[in-house]
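# Observations on chain architecture
What follows is the residue order along each chain.
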Amino acid sequence: STVNQLMKHPNMFAAIGVGGQHTYGVDIDESEWAQLKETPMMFMAGTCDRNSHFPYGQKNEKVVTALNKWFALNGVDASFTNEQCLDIANNSENLAERKLGLIGDETYIQYYDGTEYYTADWFNEDGINMVKGVAIEGMPHWLTGSFATLMWNFMKQYARDTETGELIVLNQDNEPQLEPQEIEYKKEGTF
């Protein structure tokens, strides 16, 4: 749905967040990919999400091919094959890379909701974070409060000139939560 809306209105969206699914979303005709150029994109799903199948490389080639197209559209110098993804997942010494099956320009583990968020960022030649991927440890096809917060923290860094379609970078100072936080549980009331 997210990608479909972006294709219908490419000058209205500054960035997108794809949750609970890989980035291909829909079959995009080759002629339609160009209109998605310079659209920062974040994808996030749980490691136990039956739709996602982290690490990358375990699903069909379309998943990796679509991610490679997002990289190219956003000026990111990265490209993977299914075989490379599986090799990363099986042999990388970096835990975030193993969980994602991808090597990012930066990789790190964030901590929200009492679990690990394995994260990779990819930047274009100007140092702008154009693609972010997150695999959430143990999460099924479900959303959490931090899921929405992380998506918004990524997307709020961008704006788009609706007349020209030009991407406007507002800031790139979003700091990840790199240390676990103690969770305060309510003893009374309902959730």
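You'll find the structure just up there.
Now for a quick tour of the structure.

What counts, and at which threshold
Residues numbered from 1 in each chain as written. Predicted model: local features only at pLDDT ≥ 70, side-chain atom pairs only at ≥ 80, totals over all residues. Heavy atoms only, no water. 1 Å grid on protein atoms, 1.4 Å probe; cavity = no way out; pocket = protein on both sides within 12 Å on 5 of 7 lines; lining within 4 Å. Points joined across faces, edges and corners; volume = space filled by probe spheres on them. Helix = DSSP H or I, 4+ residues; strand = E, 2+ residues; numbered from the N terminus. Nonpolar A, V, L, I, M, F, W, Y, C, P; charged D, E, K, R; others polar. Expected span 1.5 Å × (residues − 1). Buried < 20%, exposed > 50% of the residue type's maximum accessible area, 1.4 Å probe, protein only.

## Brief notes about the layout of surface pockets
Its volume calculated, the second largest pocket comes out at about 200 Å³. For the lining of the second largest pocket, the elements supplying multiple residues, two or more each, are helix H3 (61–73) and strand E7 (167–169). Residues of the lining of the second largest pocket, tallied by class, amount to 6 nonpolar, 3 polar and 5 charged.

## A word on H3
An ideal rise of 1.5 Å per residue puts 18 Å on 13 residues; H3 measures up with 18 Å between its terminal C-alpha atoms. Turning to H3, its buried residues number three or more, namely Val63, Val64, Ala66, Leu67, Asn68, Trp70, Phe71 and Leu73. In the stretch just after H3, Gly75 is the one whose phi turns positive, near 70°.

## Structural notes on unusual backbone geometry
Located in the positive-phi region is Glu38, a residue other than glycine, with phi close to 55°. Mapped onto the elements, Glu38 comes out in the loop between helix H2 (30–33) and strand E2 (41–46). Here the phi dihedral of Asp113 falls at roughly 50°; this positive angle occurs in a residue that is not glycine. Residue placement: Asp113 occurs in the loop between strand E3 (106–112) and strand E4 (115–123).

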